[in-house]
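Survey of secondary and tertiary structure
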Amino acid sequence: LAKTTQPISMDSYEGQEVNITCSHNNIATNDYITWYQQFPSQGPRFIIQGYKTKVTNEVASLFIPADRKSSTLSLPRVSLSDTAVYYCLVGDHLTYSSASKIIFGSGTRLSIRP
Amino acid sequence: KAGVTQTPRYLIKTRGQQVTLSCSPISGHRSVSWYQQTPGQGLQFLFEYFSETQRNKGNFPGRFSGRQFSNSRSEMNVSTLELGDSALYLCASSSGTGGSGGYTFGSGTRLTVV
């Protein structure tokens, strides 16, 4: 399972765009990248997933460079409610089929200020 | 469609007692996995059930056990509670076949052992 590295914490202000970068130097050919969001006292929630280039949904965008050794989660115009912990996960189809192989690291604690 | 439901939401128990937590997965999902989350250790995998069979187990003592019923609902039991068992216990359901995102978490049960 490819190891990921994320900043421990980030601060930003309402209305700003926030970019959280995850490093995964050992990503394998069949791996894809998934981001989860977790609010206090709740379970993680799936945000976005991608394999290469750019993926966008109603919540966020995910940018993946050609070498795929890193990825950037972009949150447009954040609000106070985006204050949460964000986890970056990397794995292949088999990884995601077995909960025992899904490892949530420490994540990035994002704090949004007024 | 209804999400993952965990009951109870909060629980206070005394050392030495035992506790049973319940999880109802998303309709149609056959895999249920359990995690323990503490500030110091983060999210740690407990075990995973698929079609009533335990598929994987994490590194937890035998005091932690679980089961899954034919309707995919799952329970986890902790016997002889210790202070260190105080944590947020999360349940996640999935189709069990991998794929995008895959895991939907419940809001968890906050267990406090006094």
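Bear in mind the structure is a predicted one, so any value in this text is a computation, not a measurement. (Residues numbered from 1 in each chain as written. Chains lettered and ligands numbered in written order. Predicted model: local features only at pLDDT ≥ 70, side-chain atom pairs only at ≥ 80, totals over all residues. Heavy atoms only, no water.)

Turning our eyes to something else, we now look at the pairing of strand 11 (residues 109–113) of chain B. Residue and element names in this part refer to chain B. Burial of the side chains of strand 11 is restricted to one face: T109, L111 and V113 are buried, whereas none of R110 and T112 on the reverse face is. Here strand 2 (residues 10–13) pairs with strand 11 via four bridges, running parallel. Considered in strand 11, the bridge of L11 is made with L111. Bridging between strand 9 (residues 87–94) and strand 11 involves three bridges; their strand directions are antiparallel. Bridge pairing in strand 11 places Y89 opposite T109. (Buried < 20%, exposed > 50% of the residue type's maximum accessible area, 1.4 Å probe, protein only. Helix = DSSP H or I, 4+ residues; strand = E, 2+ residues; numbered from the N terminus. Pairing = 2+ DSSP bridges.)

Bringing the environment of E48 of chain B into the picture now. If you trace the backbone, E48 of chain B turns up in strand 5 (residues 42–50). In the structure, E48 of chain B is positioned 18 residues away from G66 of chain B in sequence and 8.8 Å away in space, judged by C-alpha atoms. With residues up to four places along the chain from it excluded, the contact list for E48 of chain B reads S97, S98, A99 and S100 of chain A together with S31, V32, S33, T53, Q54, R55, N56 and Y103 of chain B. (Contact = heavy atoms within 4.5 Å.)

What follows concerns the nonpolar core. Residues W34, L46, F64, M76 and Y89 of chain B are the most contacted members of the largest nonpolar core, which totals 21 residues. For this core, the elements supplying multiple residues, two or more each, are strand 3 (19–24), strand 4 (31–38), strand 5, strand 8 (74–78), strand 9 and strand 11 of chain B. If you look at the next biggest cluster of nonpolar residues, it comprises 20 residues, including I27, I48, L62 and C88 of chain A. (Core = buried A, V, L, I, M, F, W, Y, C linked by side-chain atoms within 4.5 Å.)

This part takes up the state of the cysteines. Under the definition given, this model contains two disulfides over all chains. There is a disulfide in this structure between C22 of chain A and C88 of chain A, and the S-S distance comes to 2.2 Å. One disulfide, between C22 of chain A and C88 of chain A, carries an S-S torsion of -80° and so falls in the left-handed class. Highlighted residues: C22 of chain A in strand 2 (residues 18–23) and C88 of chain A in strand 8 (residues 84–91), separated in sequence by 66 residues. With relative accessibility at 0%, the residue C22 of chain A sits in the buried group. Two residues share a disulfide in this structure: C23 of chain B and C91 of chain B, whose sulfurs sit 1.7 Å from each other. Disulfide C23 of chain B to C91 of chain B: torsion about the S-S bond roughly -45°, handedness left-handed. Here C23 of chain B, found in strand 3, pairs with C91 of chain B, found in strand 9; they are 68 residues apart in sequence, far enough to count as distant. Among the residues examined, C23 of chain B registers a relative accessible area of 0% and is labelled buried. (Disulfide = S-S within 2.5 Å.)

Next up on the list: the side chain of Q36 of chain B. Residues and elements named next belong to chain B. With respect to the element layout, Q36 can be found in strand 4. A polar side-chain atom of Q36 sits 3.0 Å from a polar atom in the side chain of Y89. With sequence-adjacent residues up to four places away left out, Q36 is seen in contact with G42, L43, Q44, L46, F60, F64, G84, D85, A87, L88 and Y89. (Polar contact = N/O pair within 3.5 Å; in protein donor to acceptor, adjacent residues only side chain to side chain.)

For the rest of this paragraph, the subject is the interface of chain A and chain B. Interface size is often expressed as the accessible area that is lost when the parts come together. Contacts between the two partners involve 19 residues from chain A, matched on the other side by 22 residues from chain B. Between chain A and chain B, roughly 1,600 Å² of surface is buried when both sides are summed, and carbon and sulfur atoms account for 51% of that area. Taken as a group, S41, A99 and F104 of chain A account for 29% of the area that chain A buries against chain B, more than any other trio of residues on that side. On the surface where chain A and chain B come into contact, there are zero salt bridges. Seen at the junction of chain A and chain B, the total is five residue pairs in polar contact (both at pLDDT 80 or more). Listed by contribution, the elements that provide at least two residues to the side of chain A that touches chain B are strand 3 (32–38), strand 4 (45–50) and helix 1 (93–96) of chain A. (Buried area = accessible area lost by both parts, 1.4 Å probe. Salt bridge = Lys/Arg side-chain N within 4 Å of Asp/Glu carboxyl O.)

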